[in-house]
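# Chains, contacts and geometry: an overview
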Amino acid sequence: MITVVGGGPAGMSAALAGARAGAKVRLIESGPRLGGQYWRHLPEDGPDGWSGQSILNSAYQQGYLLRSQVLSHPSIEVLCSTQIWSAVREGNTIALHVLESGVTRTLETRSLILATGAYDRTLPFPGWDIPGVMTPGGVQALLKGSNVLAGKRIVLAGSGPFLLPVADGLAKSGAEIVALVDANSSRKWSSHLGVVIRNFTKIRDGLQYLLSLASHHIYLKGSRAVISAHAGLDGTLESVVIAK
């Protein structure tokens, strides 16, 4: 028995790979449905819906296919709304103490794969605790999970390609992206051409996001970061300072 923790893209892929290799697989997801943060469902999607993905995620068809393959595979047991609060090795097995829909029980497994996803790593700066300052992951979670815009005028800053789908989703949902800045320099990619070539599909996705953003007159500026944020008279965010 292989147990995979996390029902996002990585967890579903791992579960499917294990099952296709002949193993019995248990897939545990803390949320009510498979998809994880990447393929997060809107509330109106319903128990098995996927309609909101087409707006917020260009790869929604890939996700729908992957989820369908996992749910229909006879060697994969899916446990949603289930959280692991302890894992203890006992001889050749691992005892997983879980909370499933409010009920505790113990599951045994011989192999454990953790695919619990990524999270924002924040860099504090003056004013980072002002109401209105959020991480890109938090902004995307609000949009994907509740169809809620974090604001009407948004400065989106950070590092890495994750900024692009967040900005694209916000723009398509009606937000005005005042600035989109990446602390990295675009020229850094030139020193890793081998990696770039081997990940062509990711480069293609990035170009699609850039073209979509350009249609909204939004352009990514590199080698820049937010160095401070400032509140207005009401105590909420009013402005930010961006520097190279």
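Okay, so let's go over this structure. (Residues numbered from 1 in each chain as written. Predicted model: local features only at pLDDT ≥ 70, side-chain atom pairs only at ≥ 80, totals over all residues. Heavy atoms only, no water.)

Each helix and strand in the protein was counted, giving seven helices and 12 strands. Projected onto its principal axes, the C-alpha positions of the protein cover 55 × 45 × 35 Å. Sorting the 244 residues of the protein into buried and exposed places 36% on the buried side. For the protein, contacts bridging at least 24 residues in sequence account for 54% of all contacts bridging at least 6. As presented, the protein carries roughly 14,300 Å² of accessible surface, and 57% of it is formed by carbon and sulfur atoms. Between the centroid of the 22 positive side chains of the protein and the centroid of its 16 negative side chains there is a distance of 9 Å. (Helix = DSSP H or I, 4+ residues; strand = E, 2+ residues; numbered from the N terminus. Buried < 20%, exposed > 50% of the residue type's maximum accessible area, 1.4 Å probe, protein only. Contact = heavy atoms within 4.5 Å. Areas by Shrake-Rupley, 256 points an atom, 1.4 Å probe, with all protein chains shown as cover. Lys, Arg positive; Asp, Glu negative; His and termini not counted. Charge placed at Lys NZ, Arg CZ, Asp CG, Glu CD.)

The element helix α5 (residues 163–172) is largely enclosed, with a buried count of nine among its 10 residues. Along α5, the residues that are buried comprise Leu 163, Leu 164, Pro 165, Val 166, Ala 167, Asp 168, Gly 169, Leu 170 and Ala 171. Downstream of α5 by one or two residues, Gly 174 has phi in the positive range, about 105 degrees.

Turning our attention to the sheet that holds strand β1 (residues 2–5). Read across the open sheet, the four strands follow the order β3-β2-β1-β7; overall the sheet is parallel. Two strands lie at the open edges of the sheet, namely β3 (76–79) and β7 (111–114), each paired on one side alone. Each strand axis lies, on average, 20 degrees off the axis of its neighbour in the sheet, ignoring direction. (Pairing = 2+ DSSP bridges. Axes fitted to C-alpha atoms, helices over the stretch in contact; angles between N-to-C directions.)

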